[in-house]
Each structure stands twice: as C-alpha cells, then as structure tokens.
Amino acid sequence: MVLKELHWFQSYNYAAVVPHSPGGGGLFLAWKKDIDLTVKHATNNYIDTRILFKGISFHATFVYGEPEVSKRLQVWNEISNLHSTNGGPWFLTGDFNEIIDNSEKSGCPGRAEGTFGAFRSFLSQNDLFDLKHSGSYLSWRGKRHTHLVLCRLDRALSNCDWADLFPACRSQYLKYEGSDHIPLLSLLDTSKKKGVKIFRFDRRLNDNMEIKKLVSSVWMRNENLSVEARLSLCRQAICKWCREFYENSQKGMEDIRNRLDVALSDLQPDEALIQKLNSDLLQLYKADEYFWKQRSRQLWLSLGDSNTGYFHAISKDGLPHYEEEQIENIISSFYADLFKSSEYLGNRIVHGAIQPCITSEQNEKLIAIPQEREITEATFSINGEKALGPDGFSASFFHANWEVVGPAVISEIQAFFSTGFLAPSINKTHVRLIPKVLGAKTVEEYMPIALCNIYYKIISKLISIRLKNVLGLKQICQKPIEWQFISDVLYRFGFHAIWINWIMQCITTVSYSYLINETVYGNVLPLRGIRQGDPLSPYVFILCGEVLSGLCREVGRKGLLQGIRVARGCPRINHLLFADDTMFFCLASQSNCEALQAVLTDYGKSSGQRINKNKLSITFSSKTPPAIKENAKSVLGITKEGGLGK
C-alpha cells in the first residue's frame, strides 16, 4: 500500500513489517540506496539496524512502542537485549507510545507516578537521553471521550557514545499535517555548510507565457551584450521569478499549515474546519509537487543528470576520506595528473601510419562559414532533454525561445568561425562522475561524463555534422589523447589549417569542474584528452584510431603481423576495432608477438594513451602448444588468458 502511494520511491531501499492484524499498524523504513544500512532484526515493535556513516558504524533502532500497556515492559527488555548484544553508539527514534512524566501530556488527568517506572528504567539502564530538540514536542493528538489529549509519544534518543560522535545532532518537531502525529526530523550534522545551488532551467517553464515574456524582455534589453552575458541576465531573472513564485506558494501553504496546527491543537477542535484545511493543504501540495517535480532526484536521474549516489567516501592510497573538501582534492588532483601532457614523440609515427586523403573540395565545404539555416538545424538537432551544462540551460530553452535568442546566437557562432577564437568561459565543463561498480570507492571506479554548455554544443555539433560526412558515425571511449597528436593527425589527413584550428579551439579551451553532492568543486585546466559528452569527440577519436590501424597495416604488409583469413581467397585481417574494443590476430610466434608489441608501443608513444597490460587478455587456438603460449605471453607482457580481450 505504501509503495503504491509513493510511486516515486524506486530510488530507495526499504524494509517493511506488515500489520499483525487488519486494524493494526505496520512498520516501514526507507533509505537511499547509497546509504550503507543493514537490517539486523525486525518485529511488530521495531526495526533494528546497523549503519555505516563516514567510516563510523553505529546501532540504530526505529521504534513503534507497544500500544498495550501490559506488554510494554517485554518490548523494552527486548530492545535492551539488542543493544547489550550490539554495544557501542546507539540511536533510537520513532513512536514510543509512552511518556516520561505528566509534563509530557495535556488535556486529561495526570497519571500515577508509578506508571512511568518501566520506561524510565529502560532509559536509565541503557544510558539514553533525548536529543536536543525544537518545536512543539506534544507530538500526538487524540480524543478521549469528549476531550482532546496531547502527548509526547514521538522522540529521538541516543546514548552518550553516540552523542560524542555526533555532538551537533538536533531534532525538530514539525507541524501537524493530515496525521495525528507530528513528523519528527533528526539531523546528524547541523554544522555542515550547504554548497551554492546549481541553476537548472526547469523545462516545464518553456510553455509558461510569463517566462517567455521575461526572457524576451531581458534578452532584448541591451543588444550590445554577448550571448553569454544575456544568458546570465536570463538566469538571474528566472531565478528571481521562481523564487517569488515559490515564496508565494509556500506562504499559502504555511498559512494553511499554521491554521491547521492551531485547529488540531485546540482542546475543543472544529472537525469540519480541520477536514477542510486538510483538503485545501492536500490540493496545494499536489499543485506544488506537479510544478516542482523536476527538482526531484528521480526525474533528474531519468534525464541522465545525476550520479547514482552521493559521494560518501573516496579511497586514496588505501585510506578512506569522507569530507567533501578532501574528496574534491583527491578527484581534482587525479584528473590534473591524468591530463598532464607527456613528452611527445608522435610526429614521425603519425606520418608513417596515415596518408593524406582529404581533398581540396572537401576542405572548401568544411571551412565554409555556416549560414543561418545550418546553425538553426544544428541547434534543433541537439536533444532538448539532455543533462545541463554549467550555464544551467537545456537545448529546449533555446528551442522554445529561438525567435528571440536565435539571431544573437547565430551572429556570435558565425563570428567564431570567422575569427577562429573561442572564449574559454563558453567551454567551461561540469563533470558528472558515474559509478562503474556498486560501492565505488576510488576515482578510477567512476566514469566521467562531461556536461557542456548548449551554446558550445551548437558549435561542436556544426563541426561534427560536417565531419560526419567525411567519416561516418562510430562510438567513443574517453582516453587522455595528446593534443599535439590530434593536431598532427588532422594535418596528416590533409584537413585545412582553418578547420584544424576550429577543432583545436573546441578541444584546448576546456576547463573542468567536478560535481560532488550537487556542488561544483575544482577547476582543472587539462593539457590533453577529449570529453565523453562532447558531440565532436567521437569523430576525433575515430581519426586518431586510424594511426593504430595504419601501424597494423604497415606491419601486415611486411608479413610481421600475418592475421587470419575468414575464407579462402580473402585478404588477411590482423585487427578489428569496435568502439573502444580492439582485437589483434596473429600467429603465436615470437616475430608476430614482437611486431604487435612494437605497434602498441609506437601508438602509445605517439598518442600519449597508456597501454594498461592488466586490461589485455590473450586467446590461443586449442592446438597451440603450452611452450609457445608461455613464450607469446612473455613477449607481449600479458598474463590473462581467455576471452576476446581488448
């Protein structure tokens, strides 16, 4: 029933205890999939867990106190036995269905002092104290005969060991809303600073006439401003509009919440008024949820704009680091080192592997200044739902407002192709790190996805569409290719110098910042490499891959890397490329293996790409003798055997 109601709950793990009777209550505990939580025990009265947070393991029990007074002592003893087994830091929260003394109730005669003994003993024996809290702590309301009773049934507790680990932890009692219990919110670390929020344009605003008028007014206010400056003004204006809309919406909800809280706390409640206020609040929530649904993590995830989990730790040299500043330093230093340029030795190798093949007619078409129609078509060919870059605008924003923003965008893009200069600020890139494996802990276990500004993507798209006519389409694997190698490859193919400059401007003006828990960190200025997420990158990768193919063809012509025939009379094949997978075919002889080793070494020297022998595997014919297998593996320096390999 809970899952049916909470349809957006797919990104959470959960544990449930079904009601023990048709009229009884059940338990439901939910947590994000990136939280390290293990359920140890679950009953009708509690779900007991072990949580690992920033390298700290603690015991957490989520409680539903026994409604029957005669059974409460048994439940307290069960929970006490749990901790005597687990030990260490302990946190408890939930509906305990019990109070400590008469100060925690209102609206009915006081209880005898002796009735509080079992719960007090439970707290005392286990060294449990209330967390510091704010808000009205009379958290439950109910009728007893004709009068209203208020009690503090809900609370958050911890022992001293837990309080020492989380000294800033606080609890907050919220307000009555639709339930007879007040929600209780506990925050482990209230001292944590929130990062600057990233602007993300809400795609639903594309159809909002107020926003359209706002964009038109701001964009046309000063026609001398650059596209980048106009986008900045639009961003500010849209943020202000959204904030005012949200504040007005929140004021309406806050007003009803306050009135509902007062009505529910009244010792002589007006049930008709409470029902109406609940209904009004529900409608406001639905309207608010519909409009702001795009803010939710689930939708961002479906749009490819979120990593699958927050960073809780990154390991370096075997040591885990938990604070965001430490994580940022590790990630930035890893990529700064990865993108450092190495000694370049590739010009001779490139010239030997590639023959010029771009004609003057092709070059003339490639370097022509793009016209209005071509730029417009390139813009509308970009998926409007793709993840957003640093400026926060999707392609759908440009699509929806093209009549207003188009002329300025077209003019500036034509200026780039005329001058050959691309401002680095346009080429700023956010990098989203996606875990390659479950429970990723090192930087190498995350795949970097580049999120480029749409304004830059239009330029890149124009170049890639033209290049597509020369190359055809193929996939890409991101590798730290040397920029000088890319330039040499383009020149050797015979591309015009103007065209090469356009491509190199797109590649070399980039800077990287990394998204860590929805906050932007770092500023890495690379000296090599291409981006996964840039429309231009697949074509650059294909061109550079031709050097590897050329080296293979050359040693094949010399008979040093013989390859195989798929049928009689067919030419021999000594290598196949598919996306980032490469297969080499040769005889298991020393001369063939030495030739292949030389090809890999020359390609690595020329491109700057690291040949990782741990990712290479070798497959032999079933008839290959063991001695020859070992010799071939020794020459190539490959230890893994079996599979198609790379």
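A.B. asks: So what exactly am I meant to see when it comes to the overall build of the chain here?
C.D. replies: Along the backbone of the chain there are 20 helices and 24 strands. Looking at the chain as a whole, 43% of its 646 residues qualify as buried. As displayed, the chain offers around 33100 Å² of accessible surface, 54% of which is attributable to carbon and sulfur atoms.

A.B. asks: Before we go on, may I ask you to explain the sheet that holds strand β7 (residues 105-106) in this structure?
C.D. replies: Across a sheet, strands are paired by hydrogen bonds formed along the backbone, either parallel or antiparallel in direction. Pairing within the open sheet is antiparallel, and its 3 strands lie in the order β7-β11-β10. Unpaired on one side and paired on the other, β7 and β10 (140-144) mark the two borders of the sheet. Note: β10 against strand β11 (residues 147-151), 5 bridges, orientation antiparallel. In the sheet register, W140 faces β11, and the bridge partner there is C151.

A.B. asks: Teacher, can you tell me more about the sheet that holds strand β9 (residues 133-134) here?
C.D. replies: Taken together, 3 strands build an open sheet; the order of strands is β9-β13-β14 and the sheet is mixed. For this open sheet the edge positions go to β9 and β14 (184-187), each flanked by a neighbour on one side alone. Relative to strand β13 (residues 170-173), β9 runs parallel, the two sharing 2 bridges. Residue pairing for β13: H133 is matched across the bridge by S171.

A.B. asks: What is the right way to read helix α5 (residues 209-220) from this model?
C.D. replies: At 3.6 residues per turn, the α-helix brings residues three or four places apart onto the same side. Spanning 12 residues, α5 covers 17 Å between terminal C-alpha atoms, matching the ideal 16 Å at 1.5 Å per step. Buried residues of α5: I211, V215, V218 and W219, and no others. Across the axial projection of α5, the buried residues extend over an arc of 95°, all falling on one side. Away from its buried face by more than 90 degrees, α5 exposes M209, E210 and K213. Capping the start of α5, N208 holds a side-chain oxygen 2.9 Å from the backbone nitrogen of E210, two or three residues further along.

A.B. asks: How do you make sense of the packing of helix α18 (residues 537-557) against helix α19 (residues 590-607) when you look at a structure like this?
C.D. replies: When two helices pack together, you describe them by how their axes are tilted relative to each other and by the distance separating the axes. Running from amino to carboxyl end, α18 crosses α19 at an angle of 150°, the nearest separation of the two axes being 10 Å. It follows that α18 is roughly antiparallel to α19 by the angle criterion. You can see that α18 and α19 cross each other, and the crossing is right-handed. Residues C544, G545, V547, L548, L551, C552 and V555 of α18 pack against V599, D602, Y603 and S606 of α19. For the contact of α18 with α19, the residue count by class is 8 nonpolar, 2 polar and 1 charged.

A.B. asks: Quick question: what am I supposed to make of the packing of helix α12 (residues 372-380) against helix α14 (residues 402-419) here?
C.D. replies: Axis separation between α12 and α14 bottoms out at 10 Å; the angle between their running directions is 115°. With respect to their mutual orientation, α12 and α14 come out roughly perpendicular. Read as a crossing pair, α12 and α14 show a hand that is right-handed. Contacts from E372, I375, T376, T379 and F380 of α12 reach α14 at W402, I410, I413 and Q414. Among the residues forming the contact of α12 with α14, the class breakdown is 5 nonpolar, 3 polar and 1 charged.

A.B. asks: Help me understand the packing of aromatic side chains, please; the structure alone is not making it clear to me.
C.D. replies: Between two aromatic rings, the relevant description is the distance of the centres plus the angle of the planes. Under the definition given, this model contains 27 aromatic pairs. Ring centres of F58 and F166 lie 5.6 Å apart, and the angle between their planes is 75°; on these two criteria the pair is classed as edge-to-face. Here the residue F58 occupies a position in strand β5 (residues 56-64), and F166 occupies one in the loop between α4 (160-165) and β13, the gap between them amounting to 108 residues. Ring plane angle 70° and centroid distance 5.0 Å describe the contact between F416 and F417, whose orientation is recorded as edge-to-face. For F416, a relative accessible area of 3% gives the class buried. Through pairs of rings, three or more aromatic residues link up here, namely F416, F417, F493, F495, W499 and W502. One cation-aromatic arrangement involves R152 over Y137; the distance from NZ or CZ to the ring centre is 5.2 Å.

A.B. asks: Looking at this structure, I do not really get a nonpolar patch on the surface. What am I missing?
C.D. replies: A cluster of nonpolar residues, L174, L185 and L187, forms a patch on the protein surface that exposes about 220 Å² of accessible area. Topologically, L174 is positioned in the loop between β13 and β14.

A.B. asks: Is there a simple way to think about the nonpolar core in this case?
C.D. replies: Generally speaking, nonpolar side chains in soluble globular proteins are found buried as a group. Ranked by size, the top nonpolar core spans 86 residues in total, and within it I486, F495 and V547 carry the most contacts. A total of 10 residues in this core trace back to one element, the largest contributor, which is α18. Other than its neighbours up to four places away in sequence, F495 contacts I358, N363, L366, L467, L490, I500 and L543. The next biggest cluster of nonpolar side chains, apart from the first, holds 19 residues, and it includes Y335, L433, Y514 and Y521.

A.B. asks: What is the right way to look at unusual backbone geometry in this model?
C.D. replies: Working note: non-glycine residues mostly have negative phi, and peptide bonds are mostly trans. For N97, which is not glycine, the phi torsion reads 55° and is therefore positive. With respect to the helices and strands, N97 occurs in the loop between β6 (90-95) and β7. Taking relative accessible area as the criterion, N97 reaches 15% and is therefore assigned buried. One non-glycine residue with positive phi stands out, namely D127, at about 60°. For D127, the location among the structural elements is in the loop between α3 (117-125) and β8 (128-130). Given a relative accessible area of 31%, D127 falls into the partly exposed group.

A.B. asks: How should I be thinking about the side chain of S513 in this particular structure?
C.D. replies: Among the secondary structure elements, S513 is positioned in strand β19 (residues 511-516). Classification of S513 as buried rests on a relative accessible area of 14%. Once residues within four sequence positions are removed from consideration, S513 is found in contact with T429, H430, V431, V520, Y521, G522 and N523.

A.B. asks: Hey, could you run me through the pattern of salt bridges in this one?
C.D. replies: Pairing is possible between side chains that carry opposite charge, provided their charged atoms lie close to one another. Scanning the model with the defined rule gives 18 salt bridges in all. A salt bridge links R72 to E98, with the shortest nitrogen-to-oxygen separation between them at 3.4 Å. On the criterion of sequence distance, the pair formed by R72 in helix α2 (residues 69-86) and E98 in the loop between β6 and β7 is long-range, its members being 26 residues apart. Summarising the burial analysis for this pair, R72 and E98 share the class buried. As a salt-bridge pair, R531 and D534 come within 2.9 Å of each other at their nearest N and O atoms. Through salt bridges with shared partners, a single ionic network connects E104, D130, R152 and R155.

A.B. asks: In this structure, what is going on with the state of the cysteines? I would like to understand it.
C.D. replies: A covalent bond between the sulfur atoms of two cysteines is what we call a disulfide. One pass over the structure, following the stated rule, counts 0 disulfides. In this model C506 remains outside any disulfide bridge; the closest cysteine sulfur is found in C452, 9.9 Å from its own.

Calculation criteria
Residues numbered from 1 in each chain as written. Predicted model: local features only at pLDDT ≥ 70, side-chain atom pairs only at ≥ 80, totals over all residues. Heavy atoms only, no water. Helix = DSSP H or I, 4+ residues; strand = E, 2+ residues; numbered from the N terminus. Buried < 20%, exposed > 50% of the residue type's maximum accessible area, 1.4 Å probe, protein only. Areas by Shrake-Rupley, 256 points an atom, 1.4 Å probe, with all protein chains shown as cover. Pairing = 2+ DSSP bridges. Expected span 1.5 Å × (residues − 1). Arc of directions from axis to C-beta. Polar contact = N/O pair within 3.5 Å; in protein donor to acceptor, adjacent residues only side chain to side chain. Axes fitted to C-alpha atoms, helices over the stretch in contact; angles between N-to-C directions. Parallel < 35°, antiparallel > 145°, perpendicular 65-115°, else oblique. Left-handed = near helix turned anticlockwise from the far one by under 90°. Contact = heavy atoms within 4.5 Å. Nonpolar A, V, L, I, M, F, W, Y, C, P; charged D, E, K, R; others polar. Phe/Tyr/Trp six-rings, centres within 6.5 Å; stacked < 30°, edge-to-face > 60°. Lys NZ or Arg CZ within 6 Å of the ring centre and 35° of its normal. Patch = residues over 30% accessible without salt bridge, like charges linked within 9 Å, V, L, I, M, F, W, Y side chains within 5 Å. Salt bridge = Lys/Arg side-chain N within 4 Å of Asp/Glu carboxyl O. Core = buried A, V, L, I, M, F, W, Y, C linked by side-chain atoms within 4.5 Å. Disulfide = S-S within 2.5 Å.

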